[in-house]
Amino acid sequence: MLDPGEELGQAASREVWEECGVRAKFECVLGFRHMHNYSFERGDIYFICLLRPESEAITLDPLEIAKCSWIPVEEFVKMATFPLQRAVARLADQYLNHGYRGFHPDQVAKYNRPGNTLVYHASGADLSDLLVPEKSHL
């Protein structure tokens with residue numbers, strides 16, 4: 001879940017820290033799943049994010065998850081059991097071994113208020129002319 005005002009990458013990094021005790025830097029979105037009538041007759045969007053760990057030490061929170069360990073992606077691809085888990089494993093394999101680059105964030109100006117927002121895309125498009133420049137601090 002995203003906290004109010006939190007960007008997608010910040011939420012992914014925070015969740016990994018809370019559940020596994022691993023600090024990690026958001027790199028990109030590998031894919032996402034959209035499901036209708038998930039809970040309370042509302043839709044749900046589940047983002048599959050690539051993060052780079054800043055350390056390898058794991059300190060899991062037993063109230064959040066039951067087990068956590070580092071395994072090679074090739075092993076994860078073979079052991080994934082349910083469809084969403086298999087999709088995550090395959091996207092990770094495509095990223096690491098087959099040139100897939102995922103959706104990367106670029107800032108663009110908000111249309112309805114001051115400041116910028118993030119657009120995630122897999123293109124080589126230069127969107128730098130669409131952002132509001134940061135104010136210089138003199």
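It should be noted that the structure appears before, not after, this text.
Just so it is clear, the structure is predicted and the values come from calculations on it, not from any experiment.

1. Re the packing of aromatic side chains
Right, so step 1: Scanning the model with the defined rule gives two aromatic pairs in all.
Right, so step 2: Taken together, a centroid distance of 6.3 Å and an interplanar angle of 90 degrees make the contact between Phe-26 and Tyr-120 edge-to-face. In this pair, Phe-26 is assigned in strand β1 (residues 24-39) and Tyr-120 in strand β4 (residues 116-121), connecting sequence segments 94 residues apart.
Right, so step 3: You can call Phe-26 buried: its relative accessible area is 15%.
Right, so step 4: When the centroid spacing of 5.6 Å and the interplanar angle of 40 degrees are considered together, the rings of Phe-32 and Phe-47 count as tilted. With Phe-32 in strand β1 and Phe-47 in strand β2 (residues 42-53), the pair connects residues that are 15 residues apart, well separated along the chain.
Right, so step 5: It is Arg-23 that lies over the ring of Trp-17; its NZ or CZ is 3.6 Å from the centre.

2. Overview of the side chain of His-121
Right, so step 1: The residue His-121 is located in strand β4 in this model.
Right, so step 2: Overall, His-121 belongs to the buried group, its relative accessible area being 14%.
Right, so step 3: Within the structure, His-121 has its side chain in polar contact with the side chain of Asp-106 (distance 2.7 Å).
Right, so step 4: Among all residues touching His-121, those that are not within four sequence positions of it are Gly-102, Phe-103, His-104, Asp-106 and Leu-127.

3. Some words on the layout of surface pockets
Right, so step 1: For the largest pocket, the calculated volume is near 2100 Å³.
Right, so step 2: Lining the largest pocket are 40 residues, and of these Val-16, Glu-19, Tyr-46, Cys-49 and Val-88 lie nearest its centre.
Right, so step 3: If you list the elements that add at least two residues to the lining of the largest pocket, you get α1 (8-20), β1, β2, α2 (73-79) and α3 (83-97).
Right, so step 4: With 10 residues, β2 is the single largest residue contributor to the lining of the largest pocket.
Right, so step 5: A per-class count over the lining of the largest pocket returns 32 nonpolar, two polar and six charged.

4. Structural notes on unusual backbone geometry
Apart from glycine, the bulk of residues carry a negative phi angle, and the bulk of peptide bonds sit in the trans form.
Right, so step 1: The backbone phi angle of Asn-37 is positive, close to 50 degrees, even though this residue is not glycine.
Right, so step 2: Looking at the element boundaries, Asn-37 is found in strand β1.
Right, so step 3: Phi at Glu-41 takes a positive value of approximately 55 degrees, unusual for a residue other than glycine.
Right, so step 4: Here Glu-41 lies in the loop between β1 and β2.

5. A few points about the side chain of Asn-116
Right, so step 1: Mapped onto the fold, Asn-116 is located in strand β4.
Right, so step 2: A polar side-chain atom of Asn-116 sits 2.7 Å from the main-chain amide nitrogen of Val-132.
Right, so step 3: Beyond its immediate stretch of four places on either side in the chain, Asn-116 contacts Gln-107, Val-108, Ala-109, Lys-110, Leu-131, Val-132 and Glu-134.

6. Some remarks on the pairing of β1
Right, so step 1: Direction of pairing for β1 relative to β2: antiparallel, over a ladder of 11 bridges. Pairing of Val-29 across the sheet is with Cys-49, part of β2.
Right, so step 2: Connecting β1 to the antiparallel partner β2 that follows it, the hairpin turn spans two residues, and Phe-40 within it adopts a positive phi of roughly 55 degrees.

Parameters at a glance
Numbering of residues starts from 1 in every chain and runs along the sequence as written. Residue-level local features of this predicted model are given only where pLDDT is at least 70; pairs of side-chain atoms are given and counted only at 80 or more, and the full residue set underlies all totals for whole chains, interfaces and linings. Based on all heavy atoms of the structure, the side-chain values leave hydrogens and waters out of the count. Stacked, edge-to-face and tilted labels apply to pairs of Phe, Tyr and Trp rings (six-membered ring for Trp) whose centres lie within 6.5 Å, assigned for plane angles under 30 degrees, over 60, and everything in between, in that order. Secondary structure counts use DSSP, requiring at least four H or I residues in a row for a helix and at least two E residues in a row for a strand, with both numbered from the N terminus. Accessibility here uses a 1.4 Å probe with only protein chains present; expressed as a share of the type maximum, an area under 20% marks a residue as buried, one over 50% as exposed, and anything in between as partly exposed. By the criterion adopted, a ring carries a charge over it if an Arg CZ or a Lys NZ lies within 6 Å of its centre and within 35 degrees of its normal. Under this definition, polar contacts are N or O atom pairs within 3.5 Å; protein pairs additionally need one hydrogen-donor-capable and one acceptor-capable atom, and for neighbouring residues in sequence, both atoms have to be side-chain atoms. Here, two residues are considered to be in contact whenever any of their heavy atoms come within 4.5 Å of each other. Definitions used for this entry: grid spacing 1 Å over protein atoms alone; cavity, a set of points where a 1.4 Å probe fits but cannot get out; pocket, an open set with protein on both sides within 12 Å along at least 5 of 7 lines; lining residue, one with an atom within 4 Å of a point. Grid points are joined across faces, edges and corners, and a volume is the space filled by probe spheres set on the points. Asp, Glu, Lys and Arg are counted as charged, while Ala, Val, Leu, Ile, Met, Phe, Trp, Tyr, Cys and Pro are counted as nonpolar; the rest, among them Gly, fall into the polar class. In this scheme, strands are said to pair when DSSP sees at least two bridges between them.

Coordinates in, geometry out; function isn't part of it.
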